[in-house]
Amino acid sequence: MSAALLVIDVQQSFEHRPFWSTVDLPAYQANQLALIDACAAAAIPVVNILHVSPEGVFAKASGWVWPMQFLRHQPAATFEKGVHNALTDSGLLAWLAARHIKRLIISGMRTEQCCETTARVGADLGFAIEFVTDATLTFAMQGPDGRYYSASEIQARTELVLAQRFARLWTTAALCATLQANPNALETCHA
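Remember, predicted model here, so these are calculated numbers, not experimental data.

So, how was this worked out
Residues numbered from 1 in each chain as written. Predicted model: local features only at pLDDT ≥ 70, side-chain atom pairs only at ≥ 80, totals over all residues. Heavy atoms only, no water. Buried < 20%, exposed > 50% of the residue type's maximum accessible area, 1.4 Å probe, protein only. Helix = DSSP H or I, 4+ residues; strand = E, 2+ residues; numbered from the N terminus. Pairing = 2+ DSSP bridges. Polar contact = N/O pair within 3.5 Å; in protein donor to acceptor, adjacent residues only side chain to side chain. Contact = heavy atoms within 4.5 Å. Phe/Tyr/Trp six-rings, centres within 6.5 Å; stacked < 30°, edge-to-face > 60°.

Undergrad: Would you mind showing me how to read the pairing of strand β2 (residues 46-51) here?
TA: Within a regular strand, side chains alternate between the sheet's two faces. Summarising burial for β2: six of the six residues are buried, a large majority. Here strand β1 (residues 3-8) runs beside β2; their pairing, made up of four bridges, is parallel. When the bridges of β2 are listed, L5 appears paired with V46. With five bridges joining them, β2 and strand β3 (residues 77-81) adopt parallel strand pairing. If you follow L50 over to β3, its bridge partner there is E80.

Undergrad: Looking at this model, I keep getting lost on the side chain of T178. Mind explaining?
TA: Relative to the helices and strands, T178 resides in helix α5 (residues 172-181). A distance of 2.8 Å separates a polar side-chain atom of T178 from the backbone oxygen of A174. Residues contacting T178, with those up to four places away along its chain left out, are W170 and A185.

Undergrad: When you look at the packing of aromatic side chains in this model, what are you seeing that I'm missing?
TA: Here the distance between the centres and the angle between the planes together describe a pair of aromatic rings. In this structure the tally under the stated criterion is seven aromatic pairs. Between F14 and F139, the aromatic rings sit 6.2 Å apart at their centres with planes inclined by 35°, giving tilted as the arrangement. Within this pair, whereas F14 is found in the loop between β1 and α1 (25-41), its partner F139 is found in the loop between β5 (128-137) and β6 (141-142), the two being separated by 125 residues in sequence. Here the aromatic rings of Y28 and F70 are separated by 6.1 Å at their centres, their planes lie at 85°, and the arrangement is edge-to-face. Pair noted here: Y28 is in helix α1 and F70 is in the loop between β2 and β3, with a separation of 42 residues, a long-range link. We classify Y28 as buried; its relative accessible area is 2%. Overall, the relative accessible area of 16% leaves F70 in the buried class. Here a set of aromatic residues connected by ring pairs shows up, and it is made of F14, F19, W20, F58 and F139.

Undergrad: How do you make sense of unusual backbone geometry when you look at a structure like this?
TA: Note: most residues except glycine have negative phi, and most peptide bonds are trans. Here the bond from M109 into R110 is cis, since omega is -20°, no more than 30 degrees from zero. Note on placement: R110 falls in the loop between β4 (103-109) and α3 (111-124). Even without being glycine, D9 reaches a positive phi, approximately 60°. In this fold, D9 is placed in the loop between β1 and α1.

This is the structure in structure tokens:
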């Protein structure tokens, strides 16, 4: 299959940010692990992406630019990025091209930031994008106008702007069931 699962920014750096919350973490962890297992069983390579910044908790010097401890898989490759999308500065594009991978399954942290940006850039670059919203994690935020947005509202907004424009949306359960029934199903099923 010409697909890869991207596990974006699931790294210890987030645990040291002021907005870090474990409220939605158990459900996210279960979905992320199920998705990794389903892709591995379908012979879809799992690729880790780590965000690296010059300073702060995303700097290598912080000691926190490592996958979160709940991740137990051995990735096919690991790439580091310094921008919001996983494709343009990480070396991932060349790796995908060398393997003739044309379809990206998006998971990781944060839903509306690096996951959504990777989906948009990937679609613009010609990849078919499978966005597994419940295998992404984000956190509540306050907008510039003072309005509070819950994590679920942010995820719903990401689904709204990606659907039928940049990505096909999935739940973890639906994508895992599809892959289990037929590992090549992504190539032929419709949104």
